[in-house]
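# Understanding the architecture of this molecule
The residues making up each chain are set out below.
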Amino acid sequence: MDTYHAAADRLDAPASWTFLDPVAERIAALVQRLPLGPARDVLHGVWLGHPLHPALAQAPIGCWTAASLLELTGGDERAVRRLTAAGLAVLPPVLLAGWVDWSRLPPAHRRTGLVHATGAATAALLHACSLRARCQGRTARGRLLGLAGTGVVGLTAALGGHLAYHQAAGAAHAEAEPRLAPSDWHPLGATADIPIGAPVRRMLGDVPVVVVRTHDDGWTVLADRCTHMAASLSGGEIVDGCLECPLHHSRFRLSDGRPVRGPATADQPRFETRVLAGRLEARPQPGS
């Protein structure tokens, strides 16, 4: 193993643990059946423009880290108990948002996410046991359990960061498309060859795009790679003025590319269009 990249290789390892798949599939199906209604998109972070779970996770991590710092520097025992309890109190929405996002990930990402969730549950259990021990007057035991919990949550956060950034589970997968496309007008084909009301895949230079022609002869050109997990939107369908991803069923408004239903949270890049001599042309939006 390359010593320099040893940590990254170890964090990558859970993605290959296929023995986790049966459990992951059952849990994902259960999470997807939860009757969350509009709250599901709130938990995804559609309104925020990026996943909500990492932002929420700062609350328990901050509380438990502060508690451990107080512990190591001889801080007030009551403050340590309060911080430990506060971290446990804010944990439920953090976990729920994480599970909702996780249930819409591909298998390799789910494996890593399942290990991440196991770490989070272990850290929470250690801190709960720490708080109980402290309340019973067993301060030394509570101290050891609390420090262990903070250590586990640190490793869990590292794995979560690896999942979000290295494995790109929370990244906008089409964000770079406008910068990779030709900067000037580029032909996408004859308008007569593009059907009405059905998404069609075309190439804008080296960038795949999806073209939608509406019944009033309006035109929409979006990046073809879904911002959630890079599925091809050209295999989707038009629903209520939106283009629905065929893989995880995110919906993007044709008018501006914004997601109106998750799990996608980032806007789908949209290109300017014009028709000249019966041919459709497109280019990136100014400032893209």
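To be clear, the structure that these remarks concern was listed above.
Within any chain, residue numbers begin from 1 and follow the written order of that chain's sequence. Under the rules for a predicted model, residues below a pLDDT of 70 receive no local features and side-chain atom pairs below 80 are neither given nor counted, while totals for whole chains, interfaces and linings still include all residues. Each side-chain value is derived from all of the structure's non-hydrogen atoms; neither hydrogens nor water enter the calculation.

## Considerations on the overall build of the protein chain
Numbered from the N terminus, helices here are DSSP runs of H or I no shorter than four residues, and strands are runs of E no shorter than two. If you tally the helices and strands in the protein chain, you get 9 helices and 10 strands. In terms of principal-axis extent, the alpha carbons of the protein chain reach across some 85 × 45 × 40 Å. Each residue's exposure class comes from its accessible area (1.4 Å probe, protein chains only) as a fraction of the maximum for that residue type: buried when under 20%, exposed when over 50%, partly exposed otherwise. Burial analysis of the protein chain (288 residues in total) assigns 43% to the buried set. Any two residues whose heavy atoms approach within 4.5 Å at even a single point are treated as in contact. Restricting the contact set of the protein chain to residue pairs at least 6 apart, pairs at least 24 apart contribute 56%. Calculation of accessible area relied on Shrake-Rupley with a 1.4 Å probe; when residues are assessed, cover is drawn exclusively from the protein chains displayed. A total accessible area of about 14300 Å² is found for the protein chain, and carbon and sulfur atoms account for 60% of it.

## Considering the packing of aromatic side chains
The pairing test for Phe, Tyr and Trp rings, Trp by its six-membered ring, is centres within 6.5 Å, and the orientation test on the planes gives stacked under 30 degrees, edge-to-face over 60, and tilted for anything in between. Scanning the model with the defined rule gives 2 aromatic pairs in all. For the pair W17 and F19, a centre-to-centre distance of 6.0 Å together with 25° between the ring planes defines the contact as stacked. Both rings, one in W99 and one in W102, keep their centres 5.1 Å apart while their planes meet at 90°; by these two values the pair is edge-to-face. In this pair, W99 and W102 both sit in helix 6 (residues 91-102), 3 residues apart, roughly one turn of the helix. Owing to a relative accessible area of 4%, W102 belongs among the buried residues under this scheme.

## Topic: the pattern of salt bridges
Think of a salt bridge as a Lys or Arg side-chain nitrogen and an Asp or Glu carboxyl oxygen that are within 4 Å of each other. Evaluated as defined, the whole model comprises 16 salt bridges. Note that E177 is salt-bridged to R225, the shortest N-O span being 2.5 Å. Of this pair, E177 sits in helix 9 (residues 177-180) while R225 sits in the loop between strand 4 (219-223) and strand 5 (237-239), placing them 48 residues apart in sequence. A residue is classified by how much of its surface remains accessible, and E177, at 4% relative accessible area, is buried.

## Considerations on the pairing of strand 3 (residues 207-213)
Burial analysis of strand 3 places 7 of its 7 residues in the buried class, the great majority of the element. On strand 3, burial covers both faces: V207, V209, V211 and R213 on one face and P208, V210 and V212 on the other are all buried. Strand pairing follows a simple DSSP-based rule, namely that at least 2 bridges must link the two strands. Two elements, strand 2 (residues 200-204) and strand 3, share 5 bridges in a ladder whose sense is antiparallel. Following the sheet pairing, R201 is matched in strand 3 by V210. Where strand 2 folds back on strand 3, the antiparallel hairpin that results is connected by 2 residues, among which G205 adopts a positive phi of roughly 70°.

## What to know about the environment of T156
The residue T156 is located in helix 8 (residues 139-166) in this model. For the pair T156 and C129, spaced 27 residues apart in the sequence, the C-alpha separation amounts to 18 Å. Beyond its immediate stretch of four places on either side in the chain, T156 contacts H116, G119 and A120. Only 2.8 Å separates the side chain of T156 from the backbone oxygen of V152, close enough to count as a polar contact. Whenever two N or O atoms come within 3.5 Å, that pair is a polar contact, provided that in protein one can donate a hydrogen and the other can accept it, and provided that, for residues adjacent in sequence, both atoms are side-chain atoms.

## Quick word on the sheet that holds strand 4
The 6 strands are arranged 1-10-9-4-3-2 in an open sheet whose pairing can be described as antiparallel. The two strands at the open ends of the sheet, each matched to only one other strand, are strand 1 (186-190) and strand 2. With direction set aside, neighbouring strand axes in the sheet form an average angle of 35°. An axis is simply a line fitted to the C-alpha atoms; with a helix, the fit covers only the stretch in contact. Between two such axes, the angle follows the N-to-C directions and lies from 0 to 180 degrees.

## Quick notes on the packing of helix 7 (residues 107-135) against helix 8
Contact pair helix 7 / helix 8: the axes reach a minimum separation of 8 Å and the direction vectors enclose 160°. Classified by the angle their axes make, helix 7 and helix 8 are roughly antiparallel. When you trace helix 7 past helix 8, the crossing you get is left-handed. Charged residues are taken to be Asp, Glu, Lys and Arg, nonpolar residues to be Ala, Val, Leu, Ile, Met, Phe, Trp, Tyr, Cys and Pro, and polar residues to be all remaining types, Gly included. Residue classes in the contact of helix 7 with helix 8 are distributed as 12 nonpolar, 15 polar and 3 charged. Orientation labels follow simple angle bins: below 35 degrees gives roughly parallel, above 145 gives roughly antiparallel, 65 to 115 gives roughly perpendicular, and whatever is left gives oblique. Less than a right angle of anticlockwise turn of the near helix away from the far helix marks a crossing as left-handed, whereas a clockwise turn marks it as right-handed.

These values are about where atoms sit, not about what they do.
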